[in-house]
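Remarks on the overall topology
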Amino acid sequence: ILMWSHYAVQHTGICLEFDTEGNFFSGARKVTYCKSLPVITADLFADQNALTQAILLTKSDGWSYEDEYRLLVRDGKVDPQFSVTCYDEFISLPDRALTAVVAGPKCTDASIEVIQKLIAKHAPHVMLRRAVCVPHKYEISVTPQATIT
């Protein structure tokens, strides 16, 4: 529930579901959760891995429930040899890496209709699902298919 409210614009957005079995996501790095901010010293700049960990892969322990992994991406024009690159702020995913789009409980019918059209045109294998609030509980479940009401 918290991740939907934090990252999906108060339940109106979407969540993307990926097939993580392929090599594309094998480089995802686990986030470390700490009580205090990392200390960045001049020595840290000599160790790229430690610097990356401190700056890009550390969050407050208040977020530990997320059990987050991050895929680090570099601009392909600057570093084309990096394991995952983007061009013009877009990442090219391997075929069938995206398996589903989950519309939030408060996602509008207009948004769902746009998503349906995009899926039909660009990725017909992708499922469209709907997250729904479970009555009388602090819980969200995901239905197999989103429908417009």
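Scroll up a little and you will see the structure.
Residues numbered from 1 in each chain as written. Predicted model: local features only at pLDDT ≥ 70, side-chain atom pairs only at ≥ 80, totals over all residues. Heavy atoms only, no water.

Comments concerning the nonpolar core
What counts here: We call a set of buried residues a nonpolar core when its members are Ala, Val, Leu, Ile, Met, Phe, Trp, Tyr or Cys and they connect through side-chain atoms within 4.5 Å of each other. Think of it in three bands: with a 1.4 Å probe and only protein chains considered, a residue is buried below 20% of the maximum accessible area for its type, exposed above 50%, and partly exposed in between. The helix and strand labels rest on DSSP assignments: H or I over at least four residues marks a helix, E over at least two residues marks a strand, and numbering proceeds from the N terminus. When checking whether two residues touch, look at their non-hydrogen atoms; a contact exists if any pair is within 4.5 Å.
Grouped together as the largest cluster of nonpolar side chains are 10 residues: L98, V101, A103, C107, I112, I115, I119, A123, V126 and L128. For this core, the elements supplying multiple residues, two or more each, are β9 (98-103) and α3 (109-122). Not counting residues up to four positions away in its chain, the partners in contact with A103 are W4, G13, I14, I112, R129, R130 and A131. Listed in part, the 5 residues of the second largest apolar core include A8, V102, A131 and I140.

Here's the deal with the environment of V101
Tracing the backbone through its elements, the reader meets V101 in strand β9. Sequence spacing of V101 and L128 is 27 residues, and the spatial spacing of their C-alpha atoms is 5.0 Å. In this view, V101 contacts I14, C15, L16, I115, I119, V126, M127, L128 and R129; residues no more than four positions away in its chain are not counted.

Structural notes on a nonpolar patch on the surface
The test is simple: Each patch is built from salt-bridge-free residues with over 30% relative accessible area, joining like charges within 9 Å and nonpolar side chains (Val, Leu, Ile, Met, Phe, Trp, Tyr) within 5 Å. Shrake-Rupley sampling with a 1.4 Å probe provides the accessible areas, and residues are treated as covered by the protein chains on show and by no other component. We define a salt bridge as a contact between a side-chain nitrogen of Lys or Arg and a carboxyl oxygen of Asp or Glu at a distance within 4 Å.
A grouping of I14, L16, F18, I91 and L93 is seen on the molecular surface, where their side chains present a nonpolar patch of about 380 Å² in accessible area. Considering each element in turn, the nonpolar patch owes the most residues, 3 residues, to strand β1 (residues 14-18). Note on I91: relative accessible area 38%, which makes it partly exposed.

Notes on the environment of K59
What counts here: Nitrogen and oxygen atoms within 3.5 Å of one another constitute a polar contact, given that in protein one can donate a hydrogen and the other can accept it, and given that sequence-neighbouring residues count only through two side-chain atoms.
Of note, K59 is situated in strand β4 (residues 58-60). With relative accessibility at 14%, the residue K59 sits in the buried group. Sequence separation between K59 and K35 is 24 residues, and the spatial gap between their C-alpha atoms is 8.6 Å. At 2.7 Å, the side chain of K59 and the side chain of E66 are in polar contact.

Observations concerning the pattern of salt bridges
Taken as a whole and judged by the stated rule, the model has 9 salt bridges. Two residues, E68 and K59, come together in a salt bridge whose shortest N-O distance is 2.7 Å. K59 matches E68 in its accessibility class, with the two residues each being buried. Note that R74 is salt-bridged to D79, the shortest N-O span being 2.7 Å. Connected via shared salt-bridge partners are K59, E66, E68 and R70.

Thoughts on the pairing of β9
Put simply, the rule reads: Strands are labelled as partners when DSSP assigns at least two bridges between them. By convention, a crossover is right-handed whenever its connection, traced from the first strand over the helix to the second and viewed with the strands pointing away, goes clockwise.
The buried fraction of β9 amounts to 5 of the 6 residues, a majority that puts the element mostly inside the structure. Pairing analysis gives 5 bridges linking β1 to β9, with the strands arranged antiparallel. The residue of β9 that forms the bridge with F18 is L98. Pairing of β9 with strand β10 (residues 127-133), which is carried by 4 bridges, proceeds in the parallel orientation. The residue of β10 that forms the bridge with A100 is M127. Regarding the hand of the β-α-β motif, the stretch spanning β9, α3 and β10 is right-handed.

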